[in-house]
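# Geometric and topological summary
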Amino acid sequence: LGDVYKRQADKVSISTAFTDSVDGEEWCELDTYIEGYGKFGVCYLTQEEKERLVENIASALGITSSYGLATVYEDEVNTTVLSKESVNGSVTIKAITQEPQTQYVYVNITVYNNIDCAVSYRELVEGMFDAMGIQGNVNMNLVGSIEGTLNSTEKNELADGLLDRLDAKVVAENRDSDIFTIYAYSKGAGSYITIGGSKINMNIAIGYDEEQDRTKVYLASPVNSLDY
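Residues numbered from 1 in each chain as written. Predicted model: local features only at pLDDT ≥ 70, side-chain atom pairs only at ≥ 80, totals over all residues. Heavy atoms only, no water.

### A closer look at the pattern of salt bridges
Under the counting rule described, the total for this entry stands at five salt bridges. Between E48 and R52 there is a salt bridge whose closest N-O contact spans 3.1 Å. With E48 and R52 both in helix 2 (residues 47-60) and four residues apart, this pair spans about one turn of that helix. Residue classification places E48 among the exposed residues on the basis of a relative accessible area of 54%. With relative accessibility at 40%, the residue R52 sits in the partly exposed group. The network of salt bridges with shared partners includes E29, E147 and R214. (Salt bridge = Lys/Arg side-chain N within 4 Å of Asp/Glu carboxyl O. Helix = DSSP H or I, 4+ residues; strand = E, 2+ residues; numbered from the N terminus. Buried < 20%, exposed > 50% of the residue type's maximum accessible area, 1.4 Å probe, protein only.)

### Focus: the layout of surface pockets
Any empty space left between atoms is shown by rolling a water-sized probe over those atoms. Volume-wise, the largest pocket comes out at about 270 Å³. Lining the largest pocket we find 16 residues, and of these I63, S86, S90, V91 and Y121 sit closest to its centre. Elements supplying a minimum of two residues to the lining of the largest pocket: strand 4 (77-86), strand 5 (89-98) and strand 6 (102-111). (1 Å grid on protein atoms, 1.4 Å probe; cavity = no way out; pocket = protein on both sides within 12 Å on 5 of 7 lines; lining within 4 Å. Points joined across faces, edges and corners; volume = space filled by probe spheres on them.)

### Remarks on unusual backbone geometry
Looking along the chain, the bond that leaves S221 and enters P222 is cis, with omega of 0°. Looking at where P222 falls in the secondary structure, it is placed in the segment after strand 13 (214-221). The backbone of S66 sits at a positive phi, close to 60°, despite the residue not being glycine. Its place among the elements puts S66 in the loop between helix 2 and strand 3 (68-74).

### Describing the side chain of S221
Assignment of secondary structure puts S221 in strand 13. Here S221 falls in the buried class, since its relative accessible area comes to 2%. A polar atom in the side chain of S221 sits 3.4 Å from the backbone oxygen of A189. The contacts of S221, once residues within four sequence positions are left out, are R122, V138, N139, M140, A189, S191 and N201. (Polar contact = N/O pair within 3.5 Å; in protein donor to acceptor, adjacent residues only side chain to side chain. Contact = heavy atoms within 4.5 Å.)

### What about the sheet that holds strand 7 (residues 135-147)?
The strand order 3-4-5-6-2-7-13-12-9-8 describes an open sheet built from 10 strands, whose pairing is antiparallel. Two strands in the sheet have a free side with no partner beyond their single neighbour: strand 3 and strand 8 (169-174). Averaged over all neighbouring strand pairs, the angle between strand axes comes to 15°, with direction disregarded. As judged from the five bridges shared by strand 8 and strand 9 (residues 180-185), these two strands associate in the antiparallel manner. Across the sheet, N174 pairs through a bridge with T181, a residue of strand 9. On top of the sheet, helix 2 reaches strand 2 (27-42), strand 3, strand 4, strand 5 and strand 6; it is set at about 35° to strand 4, its chief contact. With respect to the sheet, helix 4 (residues 152-165) is in contact with strand 7, strand 8, strand 9, strand 12 (202-209) and strand 13, its orientation differing from that of strand 9 by roughly 15°. (Pairing = 2+ DSSP bridges. Axes fitted to C-alpha atoms, helices over the stretch in contact; angles between N-to-C directions.)

### What to know about the environment of N113
Here N113 is to be found in the loop between strand 6 and helix 3 (118-132). Distance from N113 to G197, taken between C-alpha atoms, is 36 Å for residues 84 residues apart in sequence. Here N113 is in contact with C28, E29, L30 and D31, once residues within four sequence places are set aside.

### A word on the nonpolar core
Within the largest apolar cluster, 49 residues are counted, with the highest numbers of intra-cluster contacts made by F18, I93, V107, V125 and L219. V107 has contacts with I34, E35, G36, I57, L61, T92, I93, V125, M128 and F129, leaving out every residue within four places of it along the chain. (Core = buried A, V, L, I, M, F, W, Y, C linked by side-chain atoms within 4.5 Å.)

### What to know about the packing of helix 2 against helix 3
Two elements in contact, helix 2 and helix 3, have axes whose closest approach is 10 Å; the angle formed by their N-to-C orientations is 135°. With respect to helix 3, the element helix 2 is oriented oblique. Considering only the axes of helix 2 and helix 3, their crossing is right-handed. Each of L53, I57 and A60 in helix 2 lies in contact with helix 3, whose residues at this interface are L124, M128 and M132. In the contact of helix 2 with helix 3, the residues fall into six nonpolar, no polar and no charged. (Parallel < 35°, antiparallel > 145°, perpendicular 65-115°, else oblique. Left-handed = near helix turned anticlockwise from the far one by under 90°. Nonpolar A, V, L, I, M, F, W, Y, C, P; charged D, E, K, R; others polar.)

Next up, the structure:
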């Protein structure tokens, strides 16, 4: 996806814009997913050092107790996993070693029924990555559910209203297929990536879950890292 750029700008209230894109009473769920992945470096780490690495990251995120630690060996990949779950969400942190000695870090923060925390959690993970010299991406994903399905007009009205609230300019879009998706750029939406010379820091997607009979609305920055 090209080089990753970090840039501070006037903050846009992304969570408020997302919440207001639909009548508040129509949302069934509003969840936050923060995913960070990056290269820690090329070095040898003992098992104890990898456990200390994920514990230090957890501490930076405010987690100091009641978590689980496990190590998974698969082919030539060794993964040390720290995880914590609660009724409000979960945190997963992985130290991934790919032979011979390349180290990667993965962080996932999931928060149920709360998107007001999304920007602060993204900035927390970005700051931690910068402080630890981890080179990679941090994606913020807001996911909302609406009962039933939306027709084409309703999808377009929702997306256009969201773009307008965030003062975002469309870079690329596909509104005609089952996968409704828009890539855009807003000066106030934080970190961005470049694709084909264009800045992108916002990804709107709308899909339908037949099993739940719910429409899923995604707003990600800079891009969606979830399945939809």
